[in-house]
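Single-letter residue listing:
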Amino acid sequence: MRTSAALLYAFASACALSIAAPAAAQDLFEIQVYPYDVVEPGHTMLEFHTNFIPSGTKTTAGGMFPNDHQFHITAEITHGFTKYFETGFYIETAPYVPGVGAKFTGWHIRPRFSFPKSESFPFKVSLSLEYAFNQPGFDPNSQTLEIRPIFERQDGRLYLSINTDLSVAMKGPDAGSAPSFEPNMKVGWDFSKKVQAGVEYYAETGPVKHFDPLSDQHHIIFPAIDLNLSPDWEFNAGVGRGLTDTSEHWILKMIVGYRFKH
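Heads up: these notes are all about the structure in this document. Everything numeric here is computed off the predicted structure, so don't read it as measured data. (Residues numbered from 1 in each chain as written. Predicted model: local features only at pLDDT ≥ 70, side-chain atom pairs only at ≥ 80, totals over all residues. Heavy atoms only, no water.)

## Description of the overall build of the chain
Helices and strands together make up the secondary structure of the chain, namely 1 helix and 13 strands. Shown N-terminal to C-terminal, the secondary structure of the chain runs as helices and strands in the order α-β-β-β-β-β-β-β-β-β-β-β-β-β. The globule rule puts the C-alpha radius of gyration for 262 residues at 18 Å, and the 18 Å found for the chain is close to it. Principal axes of the C-alpha set define a box for the chain whose edges measure 50 × 45 × 35 Å. The buried share among the 262 residues of the chain stands at 44%. Total accessible area on the chain stands at roughly 12700 Å², and carbon and sulfur atoms take up 66% of it. (Helix = DSSP H or I, 4+ residues; strand = E, 2+ residues; numbered from the N terminus. Rg over C-alpha atoms; globule rule 2.2 N^0.38 Å. Buried < 20%, exposed > 50% of the residue type's maximum accessible area, 1.4 Å probe, protein only. Areas by Shrake-Rupley, 256 points an atom, 1.4 Å probe, with all protein chains shown as cover.)

## Section: the pairing of strand β11 (residues 218-227)
Sheet topology note: the strand β9 (residues 195-204)/β11 ladder contains 10 bridges and is antiparallel. Along β11, the bridge assignment pairs Gly-198 with Ala-224. Where β11 and strand β12 (residues 233-242) come together, 6 bridges link them in antiparallel fashion. The residue bridging Leu-227 from the neighbouring strand is Phe-235, located in β12. Counting the residues between successive antiparallel strands, the hairpin from β11 to β12 contains 5 residues. (Pairing = 2+ DSSP bridges.)

## Some remarks on a nonpolar patch on the surface
The grouping of Phe-89, Ile-91, Phe-104, Trp-107 and Ile-109 at the surface amounts to a nonpolar patch, some 410 Å² of accessible area in total. At the level of elements, β3 (85-97) and β4 (101-114) are the ones that each hand at least two residues to the nonpolar patch. Looking at the nonpolar patch element by element, the count peaks at 3 residues for β4. Here Phe-89 lies in strand β3. (Patch = residues over 30% accessible without salt bridge, like charges linked within 9 Å, V, L, I, M, F, W, Y side chains within 5 Å. Salt bridge = Lys/Arg side-chain N within 4 Å of Asp/Glu carboxyl O.)

## Regarding the pattern of salt bridges
Per the counting criterion, the structure on display carries 12 salt bridges. As a salt-bridge pair, Arg-110 and Glu-86 come within 2.9 Å of each other at their nearest N and O atoms. Of this pair, Arg-110 sits in strand β4 while Glu-86 is found in strand β3, placing the two residues 24 residues apart along the sequence. Owing to a relative accessible area of 2%, Glu-86 belongs among the buried residues under this scheme. In this structure, Arg-259 engages Glu-234 in a salt bridge whose closest nitrogen and oxygen atoms are separated by 2.4 Å. Of this pair, Arg-259 sits in strand β13 (residues 250-261) while Glu-234 sits in strand β12, and the two are 25 residues apart along the sequence.

Structure below.
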């Protein structure tokens, strides 16, 4: 019981930190809180991330398209090389951009390392490094690097994952600036071995040297459900609600994944 209370305290503390501390372009193509586990060696995971923004930004800002009514599809292929290492490759598209049409929006490569579990530390830890090549209209910077430490804990039916992201512009107008802090987290409850429901939270608070005013930050909360239909299939869906004026007001998202065994 004490461990469950500690997990909830950690989740609440992380939320408080991101709100008190405050956004560049938040990635609205791959809306996911990463778990600790990597894909098993010799296995390949194919995932499709889809989302629709029924109520988003309606004006052009910084050369970026308004995302109101945009529809996004991202294909992700991840291969497990060892027990502690995988690499993912993403192709991001916007099949529908109002007034523009269909657009290719960029591609990413993402190595991820997990560290052996420690009895003395309460979380399992892994590290994701994601390098992105972005197209104009969807990110002000043409190349970015995301550094994502992942902290996960399962205590009985209670699940917690905290991703403390840092986004660094490598090429573009923000190159050389301080990293942007973009934390996200997930707390869930296992109702059965196949069904987990909970809340996902995504934020973009601005440069770590000087956080943006709260009114300029992005904070989005997603009630979400995960279905583990079989060892090979994964399903996640949620409805997001923006918490600040600059956040997208509503986002619908879904992830479907399948593991191939070689």
